[in-house]
Amino acid sequence: MSFAALIPSLGSLSAEGDGGHFPPTPEGFWQPLVTLGHIGDYPIVITRSMVVIMLSVALLSWWLVSTTKRAAVVPGKGQHYTELVYNFVRNDVAKDMIGSKDFLRFVPLLFSLFVLILLNNLFGIIPPIQFPTMSRIGFPIALTLVVYVVYHWIGIKKQHGFLNYVKWMIPPGIPGWLLPLIVFLELLTFFITRPLTLALRLFGNMFAGHMLLAVFIIGGWELVQADTFALKFVALPAWLMAFVMTLFEGLVQFLQAFVFTLLAASYFGSAVADEH
Amino acid sequence: MLQLTGVRALAASGDSQASAPPILPYLPELIFGFVAIGILYWVVKTKVVPNLEKAYAARAEAIEGGIAKAEKAQAEAKAALDHYNAQLADARGEANKIREDARAHAAQIVAEMRAQAQAESARIVESAQKQIEAERQQAVVSLRGEVGRLSTDLASRIVGESLHDETRQKGIVERFLADLEAGEIRPVKVGGTDS
Amino acid sequence: MTGNLNLVGYGLAAIGPAIAVGLIFAAYINGVARQPEAGNMLRPIAILGFALAEALAIFGLVLFFISPK
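This write-up is about the structure you can find in this document. (Residues numbered from 1 in each chain as written. Chains lettered and ligands numbered in written order. Predicted model: local features only at pLDDT ≥ 70, side-chain atom pairs only at ≥ 80, totals over all residues. Heavy atoms only, no water.)

1. Side note on helix α4 (residues 107-122) of chain A
It helps to recall that an α-helix has 3.6 residues per turn; residues three or four apart then point in one direction.
And then number 1: Here α4 of chain A spans 22 Å end to end across 16 residues, near enough to the 22 Å set by a 1.5 Å rise per residue.
And then number 2: Here α4 of chain A lies mainly inside the structure; 15 of its 16 residues are buried. (Helix = DSSP H or I, 4+ residues; strand = E, 2+ residues; numbered from the N terminus. Expected span 1.5 Å × (residues − 1). Buried < 20%, exposed > 50% of the residue type's maximum accessible area, 1.4 Å probe, protein only.)

Next comes the structure, spelled out in structure tokens:
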């Protein structure tokens, strides 16, 4: 992977005012491409991340459908790779977390979540795109809301009503004086902590990782443009660090997709479980 | 870099979103997020997972069916082997029997041949003896005739009278021979020394 | 020298979860080293624990962004 390829898109992170200012700012993640209009002060635009996520959906749909259209008993190459990912989500995530009784009906959602997040995360280091969609919080929130609604829905349906659902959340054998605190904590966990952390973990990792890469790459660029030769020379270790961090980001991106899917599966699993 | 100028222009025009805290969602992006996961979920649910699960089921079935088929084939092979072994044993027994038969048959043939040969040889010997006997007889008869004629010739020459009368000649010769056999006439030297 | 004290605050807040995540994975590695066949069973538990510990750091990030500058 060449650094030169990394620079243009990351350079846009610091595109505030004239010339690249060194510390990249969160404003750099706001990248509108086409302005459609305004509602009051609220701009209606197509942003870069919207394009990227639609591209990822198109790519994933094409790949998944074309490799599994004629799913054979003896898989071809494409089907083999698809099955590798599908097996991972199906057996290592869904089956382990939900249990072999109910897991199959959650597999499509978990698999969609996993491949969508994984591809969008990896777009953060794939040269022509190089923008992690999930660093715009709207997308993680959307995915989390889907998970949130689904696990509460199946929980309430399984416990026959909201009050039973809350009752089911409380572990048995709690002394009476602790009950209000436990109920409060459980409600907090189920309704606030879980979705908040699920969305923010993904967002935070992608946001911070991209920022980190920008720091090293744009920082190196700033150093190259410095006047003294010594400073120009320091750009090399900065870019070397950027290279290492890019590899590290690849790992984090996979891990975050995995963690998101795993946590979603564990929430589904606890919702269909007989006991809390 | 066109895009960069676009960003700058928007930022410069006091875009409320650029300076908004990054943890507040931009609503169109939120909606795009729902749409994206919705489309992908629909595709995966209707087109991808059923096919894959069908392939998995077919694979499991193929493996189980394969095992059953292998077991059946093994049983068949075992049956065939047993059958073959039995046949082999039969064939071996049959071969032994044939060999024994052949041996017996050969012995019989040899015996028959021997008997036939003996019979033949006996027959040949007998016929040869018969022939010898016949030839001897013939020789005796012809000798007898010749001796008679010679002696009569001799006698007639000596006697001087023709004794060639058939009946007389015969009677004399027969009588002479009979006397000779009876031992009444000693062979005498006709002339000169005869050893 | 200019800056935001929020940054320092977030940095301090991240220490706790960092130690917690380290402890969780240390325990996980220990467990797997002692009993390699338990790895599959321990992994989801370790990741869930990691997620819970990391939640605190994430709250710190949120507070960093929503606090007035």
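Next comes the rest of the account.
2. Here's the deal with the pattern of salt bridges
And then number 1: Summed over all chains, the structure comprises 13 salt bridges over all chains.
And then number 2: The partner of glutamate 53 of chain B in a salt bridge is arginine 90 of chain A, with the nearest N and O atoms 2.8 Å apart. Taken together, the positions of glutamate 53 of chain B in helix α2 (residues 27-159) and arginine 90 of chain A in helix α3 (residues 77-98) put the pair across two chains.
And then number 3: On the basis of relative accessible area, glutamate 53 of chain B is assigned to the buried category, the value being 16%.
And then number 4: According to the relative accessible area criterion, arginine 90 of chain A is buried, its value standing at 13%.
And then number 5: Linking aspartate 102 of chain A and lysine 101 of chain A is a salt bridge whose minimum nitrogen-to-oxygen distance equals 3.9 Å.
And then number 6: Among the residues examined, aspartate 102 of chain A registers a relative accessible area of 18% and is labelled buried. (Salt bridge = Lys/Arg side-chain N within 4 Å of Asp/Glu carboxyl O.)

3. Observations regarding the interface of chain B and chain A
And then number 1: Each partner contributes to the interface: chain B provides 44 residues, whereas chain A provides 61 residues.
And then number 2: For the pair chain B and chain A, the number of links is three salt bridges.
And then number 3: On the surface where chain B and chain A come into contact, there are 12 residue pairs in polar contact (both at pLDDT 80 or more).
And then number 4: Going through the elements one at a time, α1 (2-12) and α2 of chain B are the ones with two or more residues in the side of chain B that touches chain A.
And then number 5: A total of 27 residues in the side of chain B that touches chain A trace back to one element, the largest contributor, which is α2 of chain B.
And then number 6: Here the residues of the side of chain B that touches chain A are counted per class, giving 31 nonpolar, six polar and seven charged. (Contact = heavy atoms within 4.5 Å. Polar contact = N/O pair within 3.5 Å; in protein donor to acceptor, adjacent residues only side chain to side chain. Nonpolar A, V, L, I, M, F, W, Y, C, P; charged D, E, K, R; others polar.)

4. Section: the pairing of strand β2 (residues 42-47) of chain A
All names here are of chain A.
And then number 1: A one-sided burial pattern is seen for β2, the buried positions being Pro43, Val45 and Thr47 and the unburied ones Tyr42, Ile44 and Ile46.
And then number 2: The pairing of strand β1 (residues 32-39) with β2 spans six bridges and is classified as antiparallel. Bridge pairing in β2 places valine 34 opposite isoleucine 46.
And then number 3: Linking β1 back to β2 in an antiparallel pair, the connection comprises two residues, with glycine 40 at a positive phi of about 65°. (Pairing = 2+ DSSP bridges.)

5. Comments concerning the packing of helix α1 (residues 5-34) of chain C against helix α2 (residues 39-66) of chain C
Residue and element names in this part refer to chain C.
And then number 1: Running from N to C, α1 and α2 point in directions that differ by 175°, and their axes come no closer than 9 Å. The angle between α1 and α2 places the two elements in the roughly antiparallel class. Together, Asn6, Leu7, Tyr10, Pro17, Ala20, Val21, Ile24, Phe25, Tyr28, Gly31 and Val32 of α1 and Gly39, Leu42, Arg43, Ala46, Gly49, Phe50, Ala53, Leu56, Ala57, Gly60, Leu61 and Phe64 of α2 make up the contact between the two elements.
And then number 2: Each residue belonging to the contact of α1 with α2 can be placed in one class, and the counts come to 17 nonpolar, five polar and one charged. (Axes fitted to C-alpha atoms, helices over the stretch in contact; angles between N-to-C directions. Parallel < 35°, antiparallel > 145°, perpendicular 65-115°, else oblique.)

6. Thoughts on α2 of chain C
And then number 1: Relative to the 40 Å expected for 28 residues at 1.5 Å per residue, α2 of chain C spans 40 Å between its end C-alpha atoms, a close match to the ideal helical length.
And then number 2: Along α2 of chain C, the largest kink reaches about 30° and is centred on alanine 55 of chain C. (Bend = angle between axes of the 7 residues up to and from the residue.)

7. Some remarks on the interface of chain A and chain C
And then number 1: The partner chain C presents 12 residues to the 17 residues of chain A that form the contact.
And then number 2: Both faces combined, the contact of chain A with chain C buries some 1,200 Å², and carbon together with sulfur accounts for 84% of it.
And then number 3: The residue arginine 201 of chain A makes a salt bridge to glutamate 54 of chain C at a minimum N-O spacing of 2.6 Å.
And then number 4: Viewed at the interface, chain C and chain A are joined by two residue pairs in polar contact (both at pLDDT 80 or more).
And then number 5: Those elements giving two or more residues to the side of chain A that touches chain C turn out to be α7 (179-224) and α8 (229-272) of chain A.
And then number 6: A total of nine residues in the side of chain A that touches chain C trace back to one element, the largest contributor, which is α7 of chain A.
And then number 7: Looking at the side of chain A that touches chain C, its residues break down into 10 nonpolar, six polar and one charged. (Buried area = accessible area lost by both parts, 1.4 Å probe.)

8. Focus: the packing of helix α5 (residues 138-159) of chain A against α7 of chain A
All names here are of chain A.
And then number 1: Their axes nearest at 9 Å, the elements α5 and α7 cross at an angle of 150°. In this view, α5 runs roughly antiparallel relative to α7, as classed from their interaxial angle. As for how α5 packs across α7, the hand of that crossing is right-handed. Seen from α5, the contacting residues are Pro140, Ile141, Thr144, Val147, Tyr148, Tyr151 and His152; seen from α7, they are Phe190, Phe191, Arg194, Pro195, Leu198, Ala199, Leu202 and Phe203.
And then number 2: Split into classes, the residues belonging to the contact of α5 with α7 amount to 12 nonpolar, two polar and one charged. (Left-handed = near helix turned anticlockwise from the far one by under 90°.)

9. Notes on the packing of aromatic side chains
And then number 1: Tallied over the entire structure, the rule returns 24 aromatic pairs over all chains.
And then number 2: Seen from the ring of phenylalanine 190 of chain A, arginine 194 of chain A lies directly overhead, with NZ or CZ sitting 4.2 Å from the centre. (Phe/Tyr/Trp six-rings, centres within 6.5 Å; stacked < 30°, edge-to-face > 60°. Lys NZ or Arg CZ within 6 Å of the ring centre and 35° of its normal.)

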